[in-house]
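Structural overview
Given next are the chains, with one letter for each unit.
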Amino acid sequence: MITTNIQRHGTVLVSVTGALDESAGSALQRALDDVTVDERDLMVDLHGAMSMDVDGLLHLLALHRRAESLGLRVLVVGWQPQPQQFMADVAGIRGRGSATGERYAVAGFRRLLEERAQRARDLSDFGAGWLSGV
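Quick look at the structure, then.

What follows covers the overall build of the protein chain. Along the backbone of the protein chain there are four helices and four strands. Reading the secondary structure of the protein chain in the N-to-C direction produces β-β-α-β-α-β-α-α. Sorting the 134 residues of the protein chain into buried and exposed places 43% on the buried side. A sequence separation of at least 24 residues applies to 71% of the contacts in the protein chain between residues at least 6 apart.

If you look at the biggest cluster of nonpolar residues, it comprises 33 residues, and the most contacted ones within it are Leu20, Leu42, Val44, Leu46 and Leu57. Looking at this core, the elements with two or more residues in it are β2 (11–20), α1 (25–30), β3 (41–52), α2 (54–69), β4 (73–77), α3 (81–91) and α4 (107–131). No other element matches α2, which puts seven residues into this core. With residues near it in sequence (within four places) discarded, Val44 still touches Val14, Val16, Leu60, Leu63, Leu75, Val76 and Val77.

Structurally, Leu28 can be placed in helix α1. Once the C-alpha coordinates of Leu28 and His64 are considered, the two residues, 36 residues apart in sequence, prove to be 9.9 Å apart. If we skip the residues at most four places from it in the chain, Leu28 touches Ile2, Val14, Leu20, His59, Leu60 and Leu63.

Reading the values: the criteria
- Residues numbered from 1 in each chain as written.
- Predicted model: local features only at pLDDT ≥ 70, side-chain atom pairs only at ≥ 80, totals over all residues.
- Heavy atoms only, no water.
- Helix = DSSP H or I, 4+ residues; strand = E, 2+ residues; numbered from the N terminus.
- Buried < 20%, exposed > 50% of the residue type's maximum accessible area, 1.4 Å probe, protein only.
- Contact = heavy atoms within 4.5 Å.
- Core = buried A, V, L, I, M, F, W, Y, C linked by side-chain atoms within 4.5 Å.

Structure, rendered in C-alpha cells:
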C-alpha cells in the first residue's frame, strides 16, 4: 500500500508499506499529481517496504526522476534490508552491508540503476518468452 501526504510546510511525503513491486506503479505516479509550487521536497518513507523487485525499483526511480523534473529535492528514508540490498545488487555493489540508501539521491547513480534494472527486466521478459516458446 502506498499513501501520499502533502504537508503544508512544503513537503510531499510518500509512505510505502508492503511490497514495492509492479502494482505500486500507478500509486507512485499519482503521488506527485497535486504538487504545487509551494512544495519543495519529496520524502519517500520506506520503513514499511519489506521487499522490492525490479519493477518496484524502476517505479521508485521514475518517481525520483519526475520529482526532480518538478524541482523537488528528493530524500528516501527508512531503507529496509531487502530493498536496500536489492538496489545495491542491481547497481553492482557487492558485499554484505554495502548498500547505502544515501547513494540513491545521486542522479548519476539513479541512471546507472535505471539502466541495469531495465536490462534485468528485459532479460527476465526474454527468458519468460523463450521458455513459453515465443
